[in-house]
Structures are given as structure tokens and as C-alpha cells.
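Chain by chain, the residues:
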Amino acid sequence: MGIPAIILKELEFFRQLPDAAVAGVAGAMTEKSFARREVVFNKGEAGNTLCFLMEGRLQAVDFTIDGREVGLYFVDPGDYFGEMSVIDGLPRPDFLIAVARSRVAFLSKDEARPLILNTSGLAERVLVRMARRLRSVSAQRTLLGLPNPAQRVCAQLVQLSVRTATGQKIANAPTHQELAIMVNTSRESVTRIFQVLQARQVLRRFEGDLVLNDAEYLNRVAEGQEELPKSG
């Protein structure tokens, strides 16, 4: 079936590649749709494809020893994932689950690996990005060691946010359920914490984004320097 090369050139991975290189793999790619909560791939399975999110949203998750689901990171449209197994040949290190109806394009390992290794500059970009994701996952696991849900939620909000010209915000903010999975607590707990933070005008929603009006306050709560008041 293939994916039109003109569409691939809009993706981060392909944007700086020569047109001939993109055209060379476009016809070999496949695409599949996933319903919300459907598994894109499982931890431990063979990593035979490099994957590209064309539409929707995915969340990488793992499970604690007692079976609780813990979110690790999100994959947004235009992003690629699964590169670690393509590079080292080992099984997938986590589960990828669709948190919204999603479309994913796949490039086989046999096509993706030589493209990464033999295209000038691409290997470095992929490895730098992979290192950033590993650091993010490491920070996420550290965050889970914080002693109470309020600290973990506040730390997670700061960790997900980026500083922009108009302030600090989380674009395409996760739902309360998605946050609950990431910080290992209940959705109800996240909702109560949000009610307190919004009442204190620490954060606010703007369209699909979450604006952090007082990131310093969130940091103080996360570090245990200040206790979040009870809601109600």
C-alpha cells in the first residue's frame, strides 16, 4: 500500500532526508488504525518495525510487580517510536497503548536500520532523541518514589511542561486518567488535586493546553516544602 512521500516529508524523522531516500522507503510502509485502549505493541515482543504516529495519541506504559499500570511517556502525532529495538535488536522495552483512536505507520527493521545508520546525520539525531527519552523515563521512575499523590502530580505537571514565549504550559494536556496512570494514583485523587490547584489559580486550562501560572508553587509542593490544602 505504501505512504505518499509528500506526507512522510512532514514527519520529523524524514524532514531532513533527501527526497530520493524518502521515496525509496515510502512504498514499503504500511499503516494500521487502533481503537482507544488498543495495544499497539507489547513489552517483550520482537521490535521488527520503526513506528510513526500519523494521528491520535499513544502512551507507553509498564506494570509494577503487583500489577498496577504506570505511564512512562506520551507519543504525539508526527513522532516516531520503537527505534531502540530497531537499533539493538532486543525486544520492546515497554507497552504502547492508544489513548485515543490512532493511525500508525510502520517501516520494517530491514528498511529502517540501514536508513538510520547510512544516512548522514540521521543516526546522531535518532541517538540524541533516544537518550532524551531514556532520561525522561528515568526521571519518571524517580518521580514515582515521591511519598504522596499531591507531590507526584505537581512534579509530573512541571516535568511535562515547557516554557514558551507566552508562559509555561503543557500542550495537548493529558486527561486526569492519563495523569493518574503516570503517577500511580486514582483518577479521583488527580481530580481533587486539580480542583485545589485551579482554585488557587496555580494552573488553568486554555483550549487543549494546561497553563502553569505558578510553577514555583508546584515545585515547592513536589519537593515537600509546602503542603497542598485539602479540597472542599
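Everything discussed here concerns the structure shown above.
Model, not experiment: these values are computed from the prediction. (Residues numbered from 1 in each chain as written. Predicted model: local features only at pLDDT ≥ 70, side-chain atom pairs only at ≥ 80, totals over all residues. Heavy atoms only, no water.)

**Things to note about the environment of Val104**
Here comes step 1: By secondary structure assignment, the location of Val104 is in strand β8 (residues 102–108).
Here comes step 2: Owing to a relative accessible area of 0%, Val104 belongs among the buried residues under this scheme.
Here comes step 3: Sequence spacing of Val104 and Glu55 is 49 residues, and the spatial spacing of their C-alpha atoms is 7.2 Å.
Here comes step 4: Apart from residues no more than four positions distant in its own chain, Val104 is found in contact with Thr30, Glu31, Lys32, Phe34, Cys51, Phe52, Leu53, Met54, Leu58 and Phe81. (Helix = DSSP H or I, 4+ residues; strand = E, 2+ residues; numbered from the N terminus. Buried < 20%, exposed > 50% of the residue type's maximum accessible area, 1.4 Å probe, protein only. Contact = heavy atoms within 4.5 Å.)

**Focus on the packing of aromatic side chains**
Here comes step 1: Here the structure, examined in full by the defined rule, presents seven aromatic pairs.
Here comes step 2: Between Phe41 and Phe81, the aromatic rings sit 5.9 Å apart at their centres with planes inclined by 35°, giving tilted as the arrangement. With Phe41 in strand β2 (residues 39–41) and Phe81 in strand β6 (residues 80–81), this residue pair connects regions lying 40 residues apart in the sequence.
Here comes step 3: On the basis of relative accessible area, Phe81 is assigned to the buried category, the value being 0%. (Phe/Tyr/Trp six-rings, centres within 6.5 Å; stacked < 30°, edge-to-face > 60°.)

**A few points about the pairing of strand β10 (residues 167–170)**
Here comes step 1: By the alternation rule, side chains of β10 split into Gln168 and Ile170, which are all buried, and Gly167 and Lys169, of which none is buried.
Here comes step 2: Taking the residues that link successive antiparallel strands as the turn, the strand β9 (residues 162–164)-β10 hairpin has two residues.
Here comes step 3: Relative to strand β12 (residues 209–212), β10 is paired through three bridges, and the arrangement is antiparallel. The partner of Gln168 across the bridge, within β12, is Leu212. (Pairing = 2+ DSSP bridges.)

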